[in-house]
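Residue strings, one per chain:
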Amino acid sequence: MDDQKTKIISNDRIADQIFRMRFKVDWASFIPGQFVMISIPGDATFLRRPFGIASLNDGVAEIFYKTVGAGTRALSSIPKETSITVLGPCGHGFQVDSLPTTSILVAGGYGVSPLFGLAVKLLERGSDVQMFFGGMSADDLFLLDELRALGVRLHLATEDGSEGTKGLVTDLLLQELDGFASPHIFACGPDGLLKAVAEIGKQKGIATQVSLERYMACGIGVCLGCACKNSDGKFVRTCREGPVFDINDVEL
Amino acid sequence: MTSMLMTKIGSLELKNPVMVASGTYGYGEEFDDMYDISKLGAVVTKGVSLKPREGNPMPRVIEVASGMLNAIGLANVGIDNFLSEKLPFLVSRNATVIVNIFGSTIDEYSELAKLLDDHDGVSAVEVNISCPNVKAGGVQFGTDPKVAAKITKLVKKAFSKTVIVKLSPQVSDICAIAKAVEDAGADALSLINTIPAMAIDVDSRKPVLANITGGMSGPAVKPVALKLVYDVARSVRIPVVGLGGIMTTDDALEFLLAGASAVQIGTANFVNPKVALDVISGMDSYCRKLNLSSVQEVVGALEIQN
Ligand SMILES: Cc1cc2nc3c(=O)[nH]c(=O)nc-3n(C[C@H](O)[C@H](O)[C@H](O)COP(=O)(O)OP(=O)(O)OC[C@H]3O[C@@H](n4cnc5c(N)ncnc54)[C@H](O)[C@@H]3O)c2cc1C
Ligand SMILES: Cc1cc2nc3c(=O)[nH]c(=O)nc-3n(C[C@H](O)[C@H](O)[C@H](O)COP(=O)(O)O)c2cc1C
Ligand code: FES
């Protein structure tokens, strides 16, 4: 982990409210699920903002973000070539020591971002990657072409039915899950989705890891502001012991 | 760095006057990847209590204009784990260690001080009588000069090295507390702790922090902190350590000019994890530029025309 000043290589809108940003970094590798803390130039924010790392190619890191508030809106209007400071890679990512035959990735909205990096890694190592991707509407589902090009099988769901199956992506998962050979589940998205996924994982006895989002002040484990509860009901730091947890180790 | 930045707080000698503030630096481990933590004047640890504490429910931090609120509630590993795991790490890195202590009762402070006294790796204790985020103890001890003095006396008796007492900004007469603590034998004072504050979500009509209120820190509090340091430094003879909203070398120099012998950097560590190193080298450049033989020439050098 290091903090470095770098220049934005590109920062483009790729869908409604969704932006893709690339910048050079010194680190040679990352574990999918790890994130960066970005200081947003200008006066819109005081603290940094966390974003999942989607990819790292030839020293260029890539993130995808949704404009939801003052910080992400300010970030979206920053032109390329602007200097930003990036701290990373932070946190504990997805563990794939034992490679599953089938990897089931469950994404909610911009939760797809760290799962993109995970898909690349799993496919490289020969796992069959099936992604269940859900959102409120079609606008929330991005990176679809890139994921297909990688070789990821997509299962889409939107709550308004504007893309894929109408309804919750976790319901779709439950319907199709039994068809896959010895799967592991990896999920990133809002708490509701993670909770449903964890329940499914526990019920079916499937190894499941989830990546949590919590408000973060420091991102490096020193403010203790991002705590979530572990299975003993004790606080642990989402930014350090997480954001990725095995469902048996975290209370959702 | 040269001896130009050497600073003394009581009998405690520091390489430079730049420390990192309690609760914003953990126990130093997280910064070890990024730089050599022995370069700091001192590491002030997260507040340590006798028993481990989970702290307050979530959410317990939130950004506000030019700063943040926290209501962590002194979550910490407890003194046993601190002594067996955290302190050895800090010692292995040659860090100068100041342990911030917190008790729910007056006696707990002296018990903590006694336990720490046996450890060579501990250079000083900072007595937190000013946390706004806990129900028992905390700021309630720091608002009554008699109680503040009593805690200081007990800690002094139990701990043979430097004792720093950390003051709350939320009192009607901070100089009265400062003097009471000085008379009780404190070697130094540090101020300010966070300022009690709150934020409300207008959509839900609920307080943003689960604890309802929290403590404000960051640049928003700097002018308030500076004035309090200025007042206290003129009313006591013991050294004052200034903190509150320091983000840059100039911010730190302002505190020295106002009368602080040293400074602590807190919330800025979240925004720029290497800020303390920047301030140390900034002070070095400042002293060179002005041809000062010691940074202590800046302390209290505020020029007031009348
Ligand atoms: C580990 C991690 C990885 C992340 N990765 C990504 C990513 O890849 N792409 C992406 O788009 N976003 C990601 N996020 C979320 C992103 O950090 C936030 O959307 C961003 O910080 C919002 O900043 P803002 O200033 O725009 O909004 P703010 O003004 O800070 O907030 C906007 C609104 O959202 C609410 N809010 C903000 N954070 C939270 C929260 N944690 N829980 C509940 N409500 C909240 C606020 O109360 C406010 O109403 C990640 C978060 C974490 C913790
Ligand atoms: C998240 C957080 C946790 C803190 N925890 C402690 C603590 O345990 N003990 C203490 O004496 N002060 C604690 N403080 C107060 C700081 O040490 C400091 O007094 C205050 O934040 C003002 O300085 P700053 O503006 O540079 O942060 C904490 C502050 C923050 C932001
Ligand atoms: S964000 Fe500060 S400890 Fe996790």
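Quick caveat: nothing in here was measured; it's all calculated off a predicted structure.

Asks: Hey, could you run me through the overall build of chain B in this one?
Replies: Looking only at helices and strands, one finds 9 helices and 16 strands in chain B. Against the 2.2 N^0.38 benchmark of 19 Å for 306 residues, chain B shows a C-alpha radius of gyration of 18 Å, consistent with a compact globule. Its C-alpha atoms give chain B principal-axis dimensions of roughly 55 × 50 × 45 Å. Across the 306 residues in chain B, those meeting the buried criterion constitute 60%.

Asks: How should I be thinking about the pattern of salt bridges in this particular structure?
Replies: Working definition: two side chains of opposite charge can pair if their charged atoms are close together. On inspection of all chains with the given rule, the structure shows 19 salt bridges over all chains. Between Arg13 of chain A and Asp16 of chain A there is a salt bridge; the shortest N-O distance is 3.7 Å. Note that Glu30 of chain B is salt-bridged to Arg237 of chain A, the shortest N-O span being 2.8 Å. You can see Glu30 of chain B sitting in the loop between β3 (18-20) and β4 (42-44) and its partner Arg237 of chain A sitting in strand β15 (residues 235-237), one on each of two chains. One salt-bridge network, in which partners are shared between bridges, spans Arg237 and Glu241 of chain A together with Glu30 of chain B.

Asks: What should I look at first to understand the site of ligand 1 in this one?
Replies: All names here are of chain A. Every one of the 19 residues lining ligand 1 counts as a neighbour, but Pro50, Phe64, Lys66, Gly71 and Thr72 are closest to it. Between ligand 1 and Phe64, the relevant distance is 2.8 Å, taken from a nitrogen atom to a main-chain nitrogen or oxygen of the residue. Within the contact set of ligand 1, an oxygen atom lies 2.5 Å away from a side-chain nitrogen or oxygen of Thr72. The fraction of the free accessible surface of ligand 1 (950 Å²) that becomes covered by protein chains is 71%.

Asks: Explain the sheet that holds strand β8 (residues 122-128) of chain B here, please?
Replies: Pairing between the strands of a sheet is mediated by backbone hydrogen bonds and can be parallel or antiparallel. All names here are of chain B. The parallel closed barrel is built from 8 strands, whose spatial order is β3-β4-β7-β8-β9-β10-β15-β16. Sheet twist, expressed as the average angle between the axes of neighbouring strands with direction ignored, equals 25°. Where β3 meets β4, 2 bridges bridge the pair, whose relative direction is parallel. What sits directly across from Met19, in β4, is Ala42. Across the sheet, helix α9 (residues 275-289) lies against β3 and β16 (262-265), angled at about 170° from β3, the strand it touches most.

Asks: Help me understand the nonpolar core, please; the structure alone is not making it clear to me.
Replies: A general trend in soluble globular proteins is that nonpolar side chains are found buried together. Judged by nonpolar contacts, the single largest core of 106 residues is most densely connected at Phe82, Leu116, Val127, Leu189, Leu191 and Met283 of chain B. Counting residues per element, this core draws most heavily on α9 of chain B, at 7 residues. Once you skip the residues sitting within four places of it in the chain, Leu116 of chain B turns out to touch Ile79, Phe82, Leu83, Val99, Ile101, Val122, Val125 and Phe159 of chain B. Ranked by size, the runner-up nonpolar core spans 28 residues in total, among them Phe94, Leu122, Leu154 and Phe186 of chain A.

Asks: Help me understand the packing of aromatic side chains, please; the structure alone is not making it clear to me.
Replies: By convention here, two paired aromatic rings are described through the distance between centres and the angle between planes. Residue and element names in this part refer to chain A. Under the definition given, this model contains 10 aromatic pairs over all chains. With a centroid separation of 5.5 Å and 15° between ring planes, the pair formed by Phe19 and Tyr65 is classed as stacked. With Phe19 in strand β2 (residues 18-24) and Tyr65 in strand β6 (residues 60-66), the pair connects residues that are 46 residues apart, well separated along the chain. The same class applies to Phe19 as to Tyr65, namely buried. Geometrically, the ring pair formed by Phe94 and Phe186 is edge-to-face, given 5.9 Å between the ring centres and 80° between the ring planes. With a gap of 92 residues between them, Phe94 in the loop between β7 (83-90) and β8 (102-108) and Phe186 in strand β12 (residues 183-188) connect regions that are remote in the sequence. The exposure classification of Phe94 matches that of Phe186, with both residues buried. Put simply, the rings of Phe19, Phe51 and Tyr65 touch in pairs and so form one group of aromatic residues.

Asks: Would you mind going over the domain arrangement of chain A with me for this structure?
Replies: How big an interface is tends to be stated in terms of the accessible area lost upon association of its parts. Residue and element names in this part refer to chain A. When the domains of chain A are assigned, the result is domain 1 (2-90) and domain 2 (102-213). Relative to domain 2, the C-alpha centre of domain 1 lies at a distance of 23 Å. The interface is formed by 13 residues belonging to domain 1 together with 11 residues belonging to domain 2. Summing the contributions of domain 1 and of domain 2, the shared interface buries around 1100 Å²; its carbon and sulfur component is 66%.

Asks: What is the right way to read the site of ligand 2 from this model?
Replies: In the vicinity of ligand 2 there are 22 residues, among which Ser22, Lys166, Gly218, Gly245 and Thr267 of chain B approach most closely. Bordering ligand 2 are residues originating from chains A and B. At 2.6 Å, a backbone N or O of Gly245 of chain B approaches an oxygen atom of ligand 2. With respect to ligand 2, the backbone of Gly266 of chain B contributes an N or O atom lying 3.1 Å from an oxygen atom. When isolated, ligand 2 has an accessible area of 610 Å², and the protein chains bury 98% of it.

Asks: Sorry, what's going on with the interface of chain A and chain B here?
Replies: In this complex, chain A contributes 26 residues to the contact, which on the side of chain B involves 33 residues. Across the chain A/chain B interface, buried area totals approximately 2300 Å², and carbon plus sulfur atoms make up 62% of it. When the buried surface of chain A facing chain B is broken down by residue, Phe46, Val222 and Phe235 of chain A rank first, second and third, together holding 31% of it. The interface formed by chain A and chain B contains 3 salt bridges. The tally of links from chain A across to chain B stands at 10 residue pairs in polar contact (both at pLDDT 80 or more). Elements represented by at least two residues in the side of chain A that touches chain B include exactly β1 (2-15) and β15 of chain A.

Asks: Could you clarify how one ought to interpret the environment of Val61 of chain B in this entry?
Replies: With respect to the helices, strands and loops of the structure, Val61 of chain B is situated in strand β5 (residues 61-64). For Val61 of chain B and Ile72 of chain B, which are 11 residues apart along the polypeptide, the C-alpha to C-alpha distance reads 7.4 Å.

Asks: Sorry if this is basic, but what is going on with helix α4 (residues 169-176) of chain A here?
Replies: Note: α-helices contain 3.6 residues per turn, so residues at a spacing of three or four share the same orientation. Residue and element names in this part refer to chain A. Taken residue by residue, α4 has Val169, Thr170, Leu172 and Leu173 as its buried positions. Projected down its long axis, α4 carries its buried residues within an arc of 155°, all on one side. Considering only its buried residues, α4 is in contact with β8, β9 (128-135), β10 (153-158), β11 (165-166) and α5 (191-204).

Asks: Sorry if this is basic, but what is going on with the pairing of strand β9 (residues 162-166) of chain B here?
Replies: Within a regular strand, the side chains alternate between the two sheet faces. Residue and element names in this part refer to chain B. Of all 5 residues in β9, 5 are buried; the element is thus mostly enclosed. With burial as the criterion, each face of β9 is covered, one bearing Thr162, Ile164 and Lys166 and the other bearing Val163 and Val165. The sheet contact formed by β8 and β9 spans 5 bridges and is parallel. Note on β9: the bridge partner recorded for Ala124 is Thr162.

Asks: Any chance you could explain the environment of Lys195 of chain A here in plain terms?
Replies: Checked against the element boundaries, Lys195 of chain A lands in helix α5. Between the C-alpha atom of Lys195 of chain A and that of Met37 of chain A, which follows or precedes it by 158 residues, the distance is 25 Å.

Basis of the calculations
Residues numbered from 1 in each chain as written. Chains lettered and ligands numbered in written order. Predicted model: local features only at pLDDT ≥ 70, side-chain atom pairs only at ≥ 80, totals over all residues. Heavy atoms only, no water. Helix = DSSP H or I, 4+ residues; strand = E, 2+ residues; numbered from the N terminus. Rg over C-alpha atoms; globule rule 2.2 N^0.38 Å. Buried < 20%, exposed > 50% of the residue type's maximum accessible area, 1.4 Å probe, protein only. Salt bridge = Lys/Arg side-chain N within 4 Å of Asp/Glu carboxyl O. Near = heavy atom within 4 Å. Polar contact = N/O pair within 3.5 Å; in protein donor to acceptor, adjacent residues only side chain to side chain. Areas by Shrake-Rupley, 256 points an atom, 1.4 Å probe, with all protein chains shown as cover. Pairing = 2+ DSSP bridges. Axes fitted to C-alpha atoms, helices over the stretch in contact; angles between N-to-C directions. Contact = heavy atoms within 4.5 Å. Core = buried A, V, L, I, M, F, W, Y, C linked by side-chain atoms within 4.5 Å. Phe/Tyr/Trp six-rings, centres within 6.5 Å; stacked < 30°, edge-to-face > 60°. Domains from an automatic or database assignment. Buried area = accessible area lost by both parts, 1.4 Å probe. Arc of directions from axis to C-beta.

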